[in-house]
Amino acid sequence: MSLLIVIQLGLTPLQSKADIVIIANSVPKYTPKEDTVFLAGTFNNWTAEDPQYMMNRQEDGSYIYIFKENIKAFNYKFTRGGWHAVEGNSNGDHIDNRLFVFNESGENIVVNNIQSWVDLAIIAKPQISILLEVPENTPHDASLYLTGSFNEWDPKDDRYQFKKIFTQTYLLNLEPGLDTFQCKITRGDWKSVEGRPNGKACQNRKIEVGGHDDKEVKMKVESWEDLSYPLNLYSLIMLFAVFQGILLVITLFSIQNNNRQANLYLSTLIVLVSISLFTKVAAYDRSIFQSFPKILLIPEFIFFLYGPLFFRYIQKLTTFEKKNVTKFWLSFIPFLIFILANIPYFGMEHQTFIDREVDSDFDFFFSLVGAAGLIYNLWYWVLIKNLIRYIGKRLDDNHSFEQNITYLRTVLLLLSLCLGLWGMVYLFGIYDYLFQFELTWIVELLTDTVWIIFASINFILGYFAINQPEIFKIGEVEKYKDSNLSHSAIDELKASLIDTMQTDKAYLNSQLTLAELSKMIHTNTHTLSRVINEGFNKNFFDFVNEYRVNHFIEEVKKSENSDQSFLAVAYAAGFNSKTSFNRAFKKIKGATPRGYLQDYS
């Protein structure tokens, strides 16, 4: 240590290098000026108030002691005359002994900073005042308590009872000295503990204690678990979806058509969705959750079943082709992994499970399951989208009229919205985690919205199943073969086809299919499909509807049809719907029917 520093510390520059100098350069600001600081250590058998080791207070507020004896090493601490008044760390807790080792080649001056005194540290900590707002349904004579990690979660501790200052406002002043803690508000027992806005158990509050200034914490009780009715609007929508799902399954089994196998897959899917929705609502009920807390683990199973079953349903609904059964069963491997991952939680003791769920110990697990479910369903969304696109193309190859697969596209749209909001849940959650923004309410709102949209898919399925059962009767889709068909054979069949269309006017049949037309020219569907595709460079839908469009134009120009609407003439030309007519006309002529006729009038 240089001469300048020695002088600054109040030591004489004539001090011997052999002397040991212990300096307390700073002490807590709340140290009483009249108190004396002592050294206690191995050199005096740890006597806390030894006059021989009393430190000298300097004008700048520091304390100094100079050892005359030559001691090679020792442990020590600072006290104010007793072990109750020993030095501590910044939080006022006890610290390890300090260690000094003599330096033979240099000065033996040790500068220390005393961070706190154990007996006085509590007065340096901030006092916390909690201003509490309660819901309107709080009983006017209710006694409110703060319970938490500071009092072993006693729900009715008189030391932490709130004082009522207004109709719905309470105040509690906590004694100084509390560290950061978790807590909740109760009305005297765990049955009347605070809850989330929907009445479900809420997570523990966390109060950060830091700094040296007193602070006021504002809290708001959203609901009381015992005074909250679980059947809010959200729950009613979910339960209505469950009820409709039951009716839908009964209806599906009463429909007599050729798609019973497809309906079996759909029924299975609807039953599983209904179970998932019901358990989701049941988990919000306090009494059910307390009796069967692990019901919380059930709803998420649908994440790993919906995609494979809905994809399989569409396959069975739209084609008679045999599909790879092994591949179908392999798609349930993620579901089995999900079951295995839940086994430790199902084996957990009930109260332990409840406590850990309330403490948010399962948040990471549920987040991981949700992320895996999101990725898995995104993959199946792509598969379903490609399948519906394939169906639309194959229908045009085999039917001359519009097949109503709008409901499949509607469900796909709802799934798109559901997955989009699902992804936003994670974006907001990550943002909240990284930047400590209070976005929990947004995450919960998005999560509930996702489940409501998911439930609404049952409404869509129910509407089409009950009101339009023919939606389940999409025809067979086949591919053509006959790769050895010669060009001359194609030309011959092409001429026969043109003759049939012009002479017999087969296109006037609004329900004309590839199979029916192939019988008319005495060939099979595979061959006819190739003739149309290669001979006319069209699919079956466009080929037939071009005749219908031309027929429509001819008929509408006739004076005897001047009093008929375009749609009436279109129906007479073989179209079975306004949508099909407009689509075909615009594709073939490049304009709307009215616009085209005005240009050519």
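Thresholds, definitions, all that
Residues numbered from 1 in each chain as written. Predicted model: local features only at pLDDT ≥ 70, side-chain atom pairs only at ≥ 80, totals over all residues. Heavy atoms only, no water. Axes fitted to C-alpha atoms, helices over the stretch in contact; angles between N-to-C directions. Helix = DSSP H or I, 4+ residues; strand = E, 2+ residues; numbered from the N terminus. Parallel < 35°, antiparallel > 145°, perpendicular 65-115°, else oblique. Contact = heavy atoms within 4.5 Å. Nonpolar A, V, L, I, M, F, W, Y, C, P; charged D, E, K, R; others polar. Phe/Tyr/Trp six-rings, centres within 6.5 Å; stacked < 30°, edge-to-face > 60°. Buried < 20%, exposed > 50% of the residue type's maximum accessible area, 1.4 Å probe, protein only. Lys NZ or Arg CZ within 6 Å of the ring centre and 35° of its normal. Pairing = 2+ DSSP bridges. Patch = residues over 30% accessible without salt bridge, like charges linked within 9 Å, V, L, I, M, F, W, Y side chains within 5 Å. Areas by Shrake-Rupley, 256 points an atom, 1.4 Å probe, with all protein chains shown as cover. Salt bridge = Lys/Arg side-chain N within 4 Å of Asp/Glu carboxyl O. Core = buried A, V, L, I, M, F, W, Y, C linked by side-chain atoms within 4.5 Å. pLDDT = per-residue confidence, 0-100. Polar contact = N/O pair within 3.5 Å; in protein donor to acceptor, adjacent residues only side chain to side chain.

## Details of the packing of helix 5 (residues 306-318) against helix 9 (residues 363-398)
Moving on, step 1. Between helix 5 and helix 9, the least distance of the axes is 9 Å, while the angle of their chain directions is 10°. The angle between helix 5 and helix 9 falls in the class roughly parallel. Where helix 5 approaches helix 9, its residues Tyr306, Gly307, Pro308, Phe310, Phe311, Ile314, Gln315 and Thr318 are matched on the opposing element by Tyr376, Asn377, Tyr380, Leu383, Ile384, Leu387, Ile388 and Ile391.
Moving on, step 2. Residue classes in the contact of helix 5 with helix 9 are distributed as 12 nonpolar, four polar and no charged.

## A closer look at the packing of aromatic side chains
Moving on, step 1. Evaluated as defined, the whole model comprises 42 aromatic pairs.
Moving on, step 2. Measuring from ring centre to ring centre gives 5.0 Å for phenylalanine 150 and phenylalanine 181, while their planes differ by 85°; the resulting arrangement is edge-to-face. In this pair, phenylalanine 150 is assigned in the loop between strand 11 (145-148) and strand 12 (163-166) and phenylalanine 181 in strand 14 (residues 181-186), connecting sequence segments 31 residues apart.
Moving on, step 3. A relative accessible area of 19% places phenylalanine 150 in the buried class.
Moving on, step 4. Connected via pairs of aromatic rings, a cluster forms that spans Phe43, Tyr53, Tyr65, Phe67, Phe74, Tyr76, Phe78 and Phe100.
Moving on, step 5. In this structure, arginine 187 packs its charged tip against the face of tryptophan 224, placed 5.2 Å from the ring centre.
Moving on, step 6. Looking at arginine 312, its charged tip hangs above the ring of phenylalanine 328, at a distance of 4.7 Å from the centre.

## Details of the sheet that holds strand 11
Moving on, step 1. As summarised here, the arrangement of the three strands in space is 11-14-16, forming an open sheet in which the pairing is antiparallel. Bordering the open sheet on either side are strand 11 and strand 16 (205-207), each of which pairs with just one other strand. Across the sheet, the axes of successive neighbouring strands diverge by a mean angle of 45°, strand direction being ignored.
Moving on, step 2. Here strand 14 runs beside strand 16; their pairing, made up of three bridges, is antiparallel. Of the residues in strand 16, the one forming a bridge with phenylalanine 181 is isoleucine 207.

## Points about a nonpolar patch on the surface
Moving on, step 1. A surface patch of nonpolar side chains, amounting to about 710 Å² of accessible area, comprises Ile430, Tyr431, Tyr433, Leu434, Phe435 and Phe437.
Moving on, step 2. Among the structural elements, phenylalanine 437 can be located in the loop between helix 10 (406-435) and helix 11 (440-467).
Moving on, step 3. Overall, phenylalanine 437 belongs to the partly exposed group, its relative accessible area being 46%.

## A short note on the nonpolar core
Moving on, step 1. Counting 72 residues, the largest nonpolar core has Leu277, Ile302, Tyr306, Phe310, Tyr313, Ile314 and Phe454 as the members making the most contacts within it.
Moving on, step 2. Listing elements by their share of this core, those giving two or more residues are helix 2 (233-254), helix 3 (260-282), helix 5, helix 7 (333-346), helix 9, helix 10 and helix 11.
Moving on, step 3. When near neighbours in sequence (up to four residues on either side) are disregarded, isoleucine 302 contacts Leu272, Val273, Ser276, Trp451 and Phe454.

## Some details on the confidence of the model for the protein
Moving on, step 1. Mean pLDDT over the protein: 83, with 88% of residues reaching 70 or higher.
Moving on, step 2. Across residues 1-14, where pLDDT falls below 50, the model places 21 contacts with residues more than four positions away in sequence or in other chains.
Moving on, step 3. Here residues 470-482 is a poorly scored stretch, pLDDT under 50, and it has 54 contacts once near neighbours within four places are set aside; other chains count.

## Quick word on the environment of tyrosine 345
Moving on, step 1. Here tyrosine 345 shows up in helix 7.
Moving on, step 2. Note on tyrosine 345: relative accessible area 17%, which makes it buried.
Moving on, step 3. Linking tyrosine 345 and leucine 297, residues 48 residues apart in sequence, is a C-alpha distance of 8.4 Å.

## Points about the side chain of arginine 98
Moving on, step 1. Secondary-structure assignment places arginine 98 in strand 7 (residues 98-101).
Moving on, step 2. A polar atom in the side chain of arginine 98 sits 3.3 Å from the side chain of asparagine 112.
Moving on, step 3. Setting aside its immediate chain neighbours within four residues, arginine 98 contacts Phe74, Asn75, Tyr76, Phe78, Glu87, Asn112, Asn113 and Ile114.

## A short note on the pattern of salt bridges
Moving on, step 1. For the coordinates displayed, the defined rule picks out 13 salt bridges.
Moving on, step 2. Of the charged contacts, one joins arginine 159 and aspartate 157 as a salt bridge, the two residues approaching to 2.8 Å between their closest N and O atoms.
Moving on, step 3. Residue classification places arginine 159 among the exposed residues on the basis of a relative accessible area of 58%.
Moving on, step 4. Within the structure, one salt-bridge network assembled from shared partners comprises Asp35, Arg80 and Asp119.

## What to know about the sheet that holds strand 13 (residues 169-173)
Moving on, step 1. Overall, mixed pairing links the four strands, which are arranged 12-13-10-17 in an open sheet. In this open sheet, the two strands that pair with only one neighbour each are strand 12 and strand 17 (215-220). Going from strand to strand, the sheet's axes swing by 30° on average, the running direction of each strand aside.
Moving on, step 2. Where strand 12 meets strand 13, three bridges bridge the pair, whose relative direction is antiparallel. If you follow lysine 164 over to strand 13, its bridge partner there is tyrosine 170.

## Some remarks on unusual backbone geometry
Moving on, step 1. Notably, glutamate 152 is not glycine yet its phi reads approximately 60°, a positive angle.
Moving on, step 2. Looking at where glutamate 152 falls in the secondary structure, it is placed in the loop between strand 11 and strand 12.
Moving on, step 3. Owing to a relative accessible area of 74%, glutamate 152 belongs among the exposed residues under this scheme.
Moving on, step 4. Positive phi is not limited to glycine here, since histidine 522 has a value of about 60°.
Moving on, step 5. Relative to the helices and strands, histidine 522 resides in the loop between helix 13 (514-520) and helix 14 (525-535).
Moving on, step 6. Of the residues examined, histidine 522 reaches a relative accessible area of 74% and is grouped as exposed.

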